Amino acid sequence: MPSHTFTVNGQSVTVDAPDDLPLLWVLRDMLGVRGPKYGCGVDVCKACTSHLDGADVRPCVVPVSACAGKTVTTIEGLADGDELHPVQDAWLEQDVSQCGFCQPGQIMAAVALLRRTATPTDEDIDAIANICRCGTYFRIREAIRSAAAKMRAAQAVQRRRP
């Protein structure tokens, strides 16, 4: 069986798995990473959204062979120690979660969106297209707007520092 070495949430890992095994199963079943959820397995619901070298991907359709030498970040690796990412803070402030099933994927998609654009429009937010079974789309939009504003403010402060 082929070996695949890559980084998951800051830790180098090597797994023996078929090249075409979806990354989601490697994360959940082989590595015990439970944040990315299985929803559809065909890149529709986006509950498993994670980052591969900073870009949002759906591990349910990414083969483990595509991860060689790359960095995978899941919701478990988003915070910086005890300091939550601004999107995670905004999710709590806006009381987004209900059942919580889709929230890791929603948060990871929002983080990727805010890396692409500091001032997302409603259309940008809607385009992430993560399915929320509880229908908290209004609060998701408000959380993303709030996080974007805080991130812009933090960047402005950093630019002013000598």
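Take the pairing of strand S2 (residues 11-16) next. Across six bridges, strand S1 (residues 3-8) lies against S2 in antiparallel orientation. Bridge pairing in S2 places His4 opposite Val15. Taken together, S1 and the strand that follows it, S2, pair antiparallel across an intervening segment of two residues, in which Asn9 is found at a positive phi of about 50°.

Counted under the stated rule, the structure contains one aromatic pair. Geometrically, the ring pair formed by Trp25 and Tyr38 is tilted, given 5.1 Å between the ring centres and 35° between the ring planes. Taken together, the residues Trp25 in helix H1 (residues 23-30) and Tyr38 in the loop between H1 and strand S3 (50-52) connect sequence positions 13 residues apart. Overall, Trp25 belongs to the partly exposed group, its relative accessible area being 29%. Using a relative accessible area of 41% as the deciding quantity, one classes Tyr38 as partly exposed.

For Thr117, the location among the structural elements is in the loop between helix H3 (103-116) and helix H4 (122-127). Taking the C-alpha atoms as reference points, Thr117 and Ala148, 31 residues apart in sequence, are found 8.8 Å from one another. A distance of 3.4 Å separates the side chain of Thr117 from the backbone nitrogen of Thr119, its partner in a polar contact.

Let us look at the sheet that holds S1. Backbone hydrogen bonds are what pair the strands of a sheet, in a parallel or an antiparallel way. Read across the open sheet, the five strands follow the order S2-S1-S5-S3-S4; overall the sheet is mixed. Because the sheet does not close on itself, it has two edges, and the strands there are S2 and strand S4 (55-57). Recorded for the sheet is a direction-independent mean angle of 35° between the axes of neighbouring strands. Strands in contact with H3 are S3, S4 and strand S5 (71-73); relative to S3, the strand with the most contacts, it is inclined by about 50°.

Rules used in this analysis
- Chains are numbered independently. Their residues run from 1 in the order of the written sequence.
- In view of the model being predicted, local features appear only for residues whose pLDDT reaches at least 70, and side-chain atom pairs are presented and counted only at 80 or more, with totals across whole chains, interfaces and linings using the full set of residues.
- Heavy atoms from the whole structure form the basis of all side-chain values; hydrogens and water molecules are not counted.
- Two strands qualify as a pair provided that DSSP identifies no fewer than 2 bridges between them.
- Counting from the N terminus, the helices are DSSP H or I runs at least four residues long and the strands are E runs at least two residues long.
- Any pair of Phe, Tyr and Trp rings, taking the six-membered ring for Trp, is counted once the centres come within 6.5 Å. Such a pair is stacked with planes under 30 degrees apart, edge-to-face with planes over 60 apart, and tilted for the rest.
- Accessible area is worked out with a 1.4 Å probe on protein chains only. A residue is then buried under 20% of its type maximum, exposed over 50%, and partly exposed in between.
- Distance and chemistry together define a polar contact, namely a pair of N or O atoms within 3.5 Å, with one atom able to donate a hydrogen and the other to accept it when in protein, and with adjacent residues in sequence counting only for side-chain atoms on both sides.
- Between N-to-C directions, angles cover 0 to 180 degrees, with each direction set by a line fitted to C-alpha atoms, over the stretch in contact for helices.
- Contacts are assigned to residue pairs with any non-hydrogen atoms lying within 4.5 Å of each other.

So, to be careful, I would describe these as geometric facts and stop short of saying anything about function.
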